[in-house]
Amino acid sequence: QVQLVESGGGLVQPGGSLRLSCVASGSIFSHNHMGWYRQAPGKQRELVAAMTTGGATTYVDSVKGRFTISRDNAKNTMYLQMDNLKPEDTAVYYCNAVPWTARPGGSWGQGTQVTVSS
């Protein structure tokens, strides 16, 4: 079982930036594709950014060009750089395996809240 802890969320104005971090207790990044998911009130969880074990990345259209996923395997840490934030980006953001069911235990952490508002 691996623990994943998200941090870095907060309140930001439209057009602002945030950098989210995800720290893993094990070497999941070397064994699984990983990604950032988000869930807004009244909506289902959505995969917004993903990274393969080889480092290839992909993004959902709504965040393409604004979000960047990266990782530091030595630190067991994954990041999501979010630029030009919009109110519709408001959600709880989670990191997990892709697909999430590949994560040992198949669970979700607490996530980190991102609120974009003026």
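Structure: see above.
From a predicted model like this one, the values you see are computed outputs, not experimental measurements. (Residues numbered from 1 in each chain as written. Predicted model: local features only at pLDDT ≥ 70, side-chain atom pairs only at ≥ 80, totals over all residues. Heavy atoms only, no water.)

Let's talk about the overall build of the protein chain
In terms of helices and strands, the protein chain carries one helix and 10 strands. Going residue by residue from the N terminus, the α and β elements of the protein chain occur as β-β-β-α-β-β-β-β-β-β-β. Its C-alpha atoms give the protein chain a radius of gyration of 13 Å, within 12% of the compact-globule value 13 Å for 118 residues. Along the first, second and third principal axes, the C-alpha set of the protein chain runs to 40 × 25 × 25 Å. When each of the 118 residues of the protein chain is scored for burial, the buried share is 41%. Carbon and sulfur atoms make up 48% of the accessible area of the protein chain, which amounts to about 5,900 Å² in all. (Helix = DSSP H or I, 4+ residues; strand = E, 2+ residues; numbered from the N terminus. Rg over C-alpha atoms; globule rule 2.2 N^0.38 Å. Buried < 20%, exposed > 50% of the residue type's maximum accessible area, 1.4 Å probe, protein only. Areas by Shrake-Rupley, 256 points an atom, 1.4 Å probe, with all protein chains shown as cover.)

A few points about the state of the cysteines
Tallied over the entire structure, the rule returns one disulfide. Across a sulfur-sulfur distance of 1.9 Å, Cys22 and Cys95 are joined as a disulfide pair. Measuring handedness by torsion sign, the sulfur bridge of Cys22 and Cys95 sits at about 65 degrees and is right-handed. Linking Cys22 in strand β3 (residues 18–24) with Cys95 in strand β9 (residues 91–97), this pair joins segments that are 73 residues apart in sequence. Take Cys22: its relative accessible area is 0%, and that puts it in the buried class. The exposure class assigned to Cys95 is buried, which follows from its relative accessible area of 0%. (Disulfide = S-S within 2.5 Å.)

A closer look at the pairing of strand β8 (residues 77–82)
For β8, the tally of buried residues reaches five of six residues, placing the bulk of the element in the interior. Pairing analysis gives six bridges linking β3 to β8, with the strands arranged antiparallel. If you follow Ser21 over to β8, its bridge partner there is Tyr79. Examined bridge by bridge, strand β7 (residues 67–72) and β8 share six bridges and lie antiparallel to one another. Note on β8: the bridge partner recorded for Ile69 is Leu80. (Pairing = 2+ DSSP bridges.)

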